[in-house]
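# Survey of secondary and tertiary structure
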Amino acid sequence: MNPENYYEVIAAELDRYAKVPDDVLLEIVTRDGACMWLWANEEEPEWQNENLTDRELAVRLCAGCPIRNVCLELELRTAGAETVGVWGGLSQDDRRALYRVWRARREGGEPS
């Protein structure tokens, strides 16, 4: 699958959250996100001191998280192209590429 198709598939999966209000998404992420659980319980992951790329961190931190797409939708809405860090199982570079496709789908056009 080429990168554009990859981002199109992800953006299409996020369409189901298009009408969910931001505050509802935020509540779900802070209540159910795997990363929030680590933070709230002050647990350090076993890989805490490893030198990981954003992509590697996203894979480890978000693996098995039940709300990855909710998290991703929230980040795309609130940060857009200025996204930083790891959200929704994707690195910031991946989310920036996805953002163009996601925004175009929401606006009914082609990615710019």
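Here the residue index of a chain counts from 1 through its sequence in written order. Whole-chain, interface and lining totals are the exception, using all residues; otherwise, since this is a predicted model, local features are given only for residues with pLDDT of at least 70 and side-chain atom pairs are given and counted only at 80 or more. Computation of side-chain values covers all heavy atoms of the structure but excludes hydrogens and water.

### What to know about the state of the cysteines
Two cysteine sulfur atoms make up a disulfide if the distance between them is within 2.5 Å. Inspection of the entire model under this criterion finds zero disulfides. The closest cysteine sulfur to the non-disulfide-bonded Cys-35 is located on Cys-71, 5.8 Å from its own sulfur. A residue is classified by how much of its surface remains accessible, and Cys-35, at 32% relative accessible area, is partly exposed. Counting only cysteine sulfurs, Cys-65 is the nearest neighbor of Cys-62, a cysteine outside any disulfide, at a range of 6.3 Å. Working definition: with a 1.4 Å probe on protein chains only, accessible area under 20% of the residue-type maximum means buried, over 50% means exposed, and in between means partly exposed. The exposure class assigned to Cys-62 is buried, which follows from its relative accessible area of 10%.

### Observations concerning the layout of surface pockets
Cavity: a set of points on a 1 Å grid over the protein atoms alone where a 1.4 Å probe fits but cannot get out. Pocket: an open set with protein on both sides within 12 Å along at least five of seven lines, its lining residues, like those of a cavity, having an atom within 4 Å of a point. Grid points are joined across faces, edges and corners, and a volume is the space filled by probe spheres set on the points. Roughly 160 Å³ of volume is contained in the largest pocket. Lining the largest pocket we find 13 residues, and of these Cys-35, Cys-62, Cys-71, Val-86 and Trp-87 sit closest to its centre. A helix here means a DSSP run of H or I that spans at least four residues, while a strand means a run of E at least two residues long, and both kinds are numbered starting from the N terminus. Elements supplying a minimum of two residues to the lining of the largest pocket: α3 (34-40) and α4 (54-62). Under the scheme applied, nonpolar residues are Ala, Val, Leu, Ile, Met, Phe, Trp, Tyr, Cys and Pro; charged residues are Asp, Glu, Lys and Arg; polar residues are all the others, including Gly. Here the residues of the lining of the largest pocket are counted per class, giving 11 nonpolar, two polar and no charged.

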